[in-house]
Amino acid sequence: MMFRRKLLAVLALTVCVSVGAVTALVLAVTRRAFEKTEEERIAALVAQFQREFNRQGDEAVRRIQAIAVSEAVTRMATVLDHSPADSAGYFDLARSMADNYQVDFLEFVDARGTIISSAQWPAKFGYPESGFENLPSASDQGAFLMQQELQDSTALGLLAVRSTRVGEHPIYVIGGRRLDRNFLTALDLPPDMRTLLYQNRGDRFSPDLLIDPSAATASGLARPADKFAPLVEAVRQYNQETTWKIQWSSDQADDELFHAIPLRGIGKDRPLLGILLIGNLQRSYVELKRHIGLLALLVGGGGILLAILLSSWAAARVTRPVEQLVRAAQNVAAGNWNTRVEAPGADEISQLAESFNRMTAELLSQRERLVQAERVAAWRELARRLAHELKNPLFPLQLTVENLVRARQQSPQQFEEVFRESSRTLLAEISNLKAIISRFSEFSKMPHPELQTVPVNDLLRAVAQLFQAQLQAPGREPITCRLDLDESLAPIAADPELLHRALSNLVLNAMDAMPNGGTLTLRSRRDDGTVTIEVADTGSGLTREECERIFTPYYTSKQHGTGLGLAIVQSVVSDHGGRISVRSEPGQGTTFVIELPSRRDALPNAPSAQPENAGHSSG
């Protein structure tokens, strides 16, 4: 990636991350603020409900106490104390007293717990009152919640119990107000909040038991009561306050968060009689969150646009000298060591350009010295290698000539026999000298590749076939040849004879490395536009030092060798525009890796080479 694009990417990423982080922080702070405000509003509403509950309860206690001490109830208590059987005459008393004192529920119960009169259900006359465990103790308490049975339904009431005692047998007055829609509408609710009351009766949720003062929201969206079923069941199951979000539609702005508060009655087990539901509409929070998101999007887009402008300006000011340095470095790498960079100014880029110019000047100077030193070293190495190679055959030549002279002087009669033997020795050593000179001459006259279309797999098969007899030759441990070829490999542009010669040298080296037998592997594969050839053996391997020097001309680790074989292979691979490397460890075998470009565009208009000819070109 170019520096300009990197700079743009960095600036854009910085803007996006910054805007995203600020947006996330603002949303988190906003959410916490809304949650805190919501908790405060719910707490205030719960406190208001409790105050209204206490107020209504005190009012119920006051009215029931007034009924208990009224003249009519006192007269009834007096009569029933002397004649309990005359209670039928007071059948309608509760209804008239409830109307006079404006209570929704009112019942008179005698000391035995039998209902004398009932305002909400007159037919209960004569039946026992089963809603209380202990009426005398209940008469000493304040107001409490209780389910009241009506003629065709039940209702939740805020009741109080008071007694009237005339004589030995008290009369209990039980009554109060209904906890219904009117009670809920009396609450002063903040905007976007509402209260509902569910009367807990039965084992399953029933929409008929839900008291909702508002049939629809301000937006007119109808809200089915069945949505409250999971919330009611959760309160029933865990018997504690619960918070639940209800989704009324696909629009999050219509979501409503409900806080459910259990309402309990009196008694040892304090039964769950009702559930107060406090709802808080999420519209304001969702709309604010949307506005923040839109603002973040606009700020992020503007930031990215600003990043593009800044990166363009920075690229024009910073990257242009850097690009000049890149082109200059590429020219130096291509061989133009006289390249110079012009960067006026006194900033870091100008200092870098000056350093680059000094570096190229120093490189030119060092290259001249290095070329001279390498030339002298090459001549010295060549002289040393030639001296070493020629000294071996010259010593026996000298001994042979000295033997001839000695035999001519001391034993003329045996001269003929010594002459014949010495002649054979002289000819053999002269032949050896010619071979050495021929190898050096051959290395100096490496031909330039003549490119043709060469199927690499066929060439590897031909090389394996050529050495098959030597791999299984009698008198030596057998070597197994294994071919691991990529059959999808396309032909490449190469000189089949030179490539065959290079591969043959590598196979011969591999055979020499496995005197005790082993496995020779010829492998081909395709790697990103190049063709890779591997020649691997399971021999004794090479040390790191040997791997570093193995392609150096005249270097050899063999007892008898010129050190030109792998140098020739490297020369062939280099002339094809490729590279050769070696992987080896002592005792782990050796693998030579040849990487060749396809170079199909470099092919002349000539017929393709046949792999069979390539296989026998260097026999």
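Heads up: the structure comes first, above all this text.
Described below are features of the structure shown in this document. (Residues numbered from 1 in each chain as written. Predicted model: local features only at pLDDT ≥ 70, side-chain atom pairs only at ≥ 80, totals over all residues. Heavy atoms only, no water.)

Section: the overall build of the chain
- When helices and strands are tallied, the chain shows 15 helices and 17 strands.
- Looking at the chain residue by residue over its 619 residues, the buried ones come to 40%.
- For the chain, restricting intrachain contacts to residue pairs at least 6 apart in sequence, the fraction spanning at least 24 positions comes to 65%.
- When the accessible surface of the chain is totalled, it reaches about 35000 Å², and 53% of it is carbon and sulfur. (Helix = DSSP H or I, 4+ residues; strand = E, 2+ residues; numbered from the N terminus. Buried < 20%, exposed > 50% of the residue type's maximum accessible area, 1.4 Å probe, protein only. Contact = heavy atoms within 4.5 Å. Areas by Shrake-Rupley, 256 points an atom, 1.4 Å probe, with all protein chains shown as cover.)

Quick word on helix 14 (residues 565-575)
- Regarding helix 14, the residues found buried are Leu566, Ala567, Ile568, Val569, Val572 and Val573.
- After helix 14 finishes, the residue Gly577 shows a positive phi value of roughly 80°.

Things to note about a nonpolar patch on the surface
- Together, Ile304, Leu305, Leu306, Ile308, Leu309 and Leu310 make up a nonpolar patch on the protein surface, roughly 520 Å² of accessible area in all.
- Relative to the assigned elements, Leu305 resides in helix 7 (residues 283-333).
- Given a relative accessible area of 51%, Leu305 falls into the exposed group. (Patch = residues over 30% accessible without salt bridge, like charges linked within 9 Å, V, L, I, M, F, W, Y side chains within 5 Å. Salt bridge = Lys/Arg side-chain N within 4 Å of Asp/Glu carboxyl O.)

Observations regarding the sheet that holds strand 2 (residues 115-118)
- Read from one edge of the open sheet, five strands run 2-1-5-4-3, paired in antiparallel fashion. Looking at which strands have only one partner, the edges of the open sheet turn out to be strand 2 and strand 3 (144-149). Going across the sheet, the axis of each strand differs from the next one's by a mean of 35°, ignoring polarity.
- As defined by bridge partners, strand 3 adjoins strand 4 (residues 154-165) across six bridges and the pair is classed as antiparallel. Bridging from a neighbouring strand, Met146 pairs with Gly157 of strand 4. (Pairing = 2+ DSSP bridges. Axes fitted to C-alpha atoms, helices over the stretch in contact; angles between N-to-C directions.)

Quick word on the pattern of salt bridges
- This model, assessed by the stated rule, comprises 19 salt bridges.
- Taking the shortest distance from any N to any O, the salt bridge between Glu107 and Lys124 comes out at 2.7 Å. Of this pair, Glu107 sits in strand 1 (residues 105-109) while Lys124 sits in the loop between strand 2 and helix 4 (135-138), placing them 17 residues apart in sequence.
- Under the relative-accessibility criterion, Lys124 is labelled buried at 13%.

A few points about empty space enclosed by the protein
- Applying the stated criterion across every chain yields a total of one cavity of 30 Å³ or more.
- Within this model, the largest cavity holds a volume of roughly 30 Å³.
- Forming the boundary of the largest cavity are Val463, Ala464, Phe467, Leu471, Cys481, Val507, Leu520 and Leu522.
- Only helix 10 (456-466) and strand 14 (518-527) provide two or more residues apiece to the lining of the largest cavity.
- When grouped by side-chain class, the residues that make up the lining of the largest cavity number eight nonpolar, no polar and no charged. (1 Å grid on protein atoms, 1.4 Å probe; cavity = no way out; pocket = protein on both sides within 12 Å on 5 of 7 lines; lining within 4 Å. Points joined across faces, edges and corners; volume = space filled by probe spheres on them. Nonpolar A, V, L, I, M, F, W, Y, C, P; charged D, E, K, R; others polar.)

Some points on helix 6 (residues 229-238)
- Here helix 6 has its buried residues at Ala229, Leu231, Val232, Ala234, Val235 and Arg236.
- Packing partners of the buried residues in helix 6 comprise strand 6 (193-199), strand 8 (242-246), strand 9 (256-264) and strand 10 (272-281).
- Positive backbone phi, at 55°, marks Asn239, one or two positions downstream of helix 6.

Focus on the pairing of strand 5 (residues 170-178)
- Among the nine residues that make up strand 5, seven are buried, leaving the element largely enclosed by the rest of the structure.
- Pairing of strand 4 with strand 5 involves nine bridges; the strand directions are antiparallel. Considered in strand 5, the bridge of Ala160 is made with Gly175.
- The loop that links strand 4 with its antiparallel partner strand 5 comprises four residues; one of these, Gly167, has a positive phi angle of about 95°.

A look at the layout of surface pockets
- There is about 520 Å³ of room inside the second largest pocket.
- What lines the second largest pocket is a set of 26 residues, and nearest its centre among them are Glu129, Ser130, Gly131, Phe132 and Met146.
- Taken together, the residues of the lining of the second largest pocket break down into 10 nonpolar, 10 polar and six charged.

Regarding unusual backbone geometry
- Phi is positive for Gln102, close to 55°, though the residue is something other than glycine.
- Relative to the assigned elements, Gln102 resides in the loop between helix 3 (93-101) and strand 1.
- Of note, Asn239 is a non-glycine position whose phi angle comes to about 55°, a positive value.

Regarding the packing of helix 12 (residues 496-512) against helix 14
- With their axes 9 Å apart at the nearest point, helix 12 and helix 14 run at an angle of 145° to one another. Taken as a pair, helix 12 and helix 14 cross one another with a handedness that is left-handed. Mapping the contact onto sequence places Leu498, Leu499, Arg501, Ala502, Asn505, Leu506 and Asn509 in helix 12 and Gly565, Leu566, Ile568, Val569 and Val572 in helix 14.
- Counted by class, the contact of helix 12 with helix 14 contains eight nonpolar, three polar and one charged residues. (Left-handed = near helix turned anticlockwise from the far one by under 90°.)

Brief notes about the sheet that holds strand 7 (residues 210-211)
- Reading across from one edge, 7-6-10-9-8 is the order of the five strands in this open sheet, with antiparallel pairing throughout. Each edge of the open sheet is held by one strand with a lone partner, namely strand 7 and strand 8.
- In this structure, strand 9 lies alongside strand 10, joined through nine bridges in antiparallel fashion. Pairing of His259 across the sheet is with Ile278, part of strand 10.
- In the packing of helix 6 onto the sheet, the strands contacted are strand 6, strand 8, strand 9 and strand 10, and the crossing angle to strand 8 comes to about 165°.

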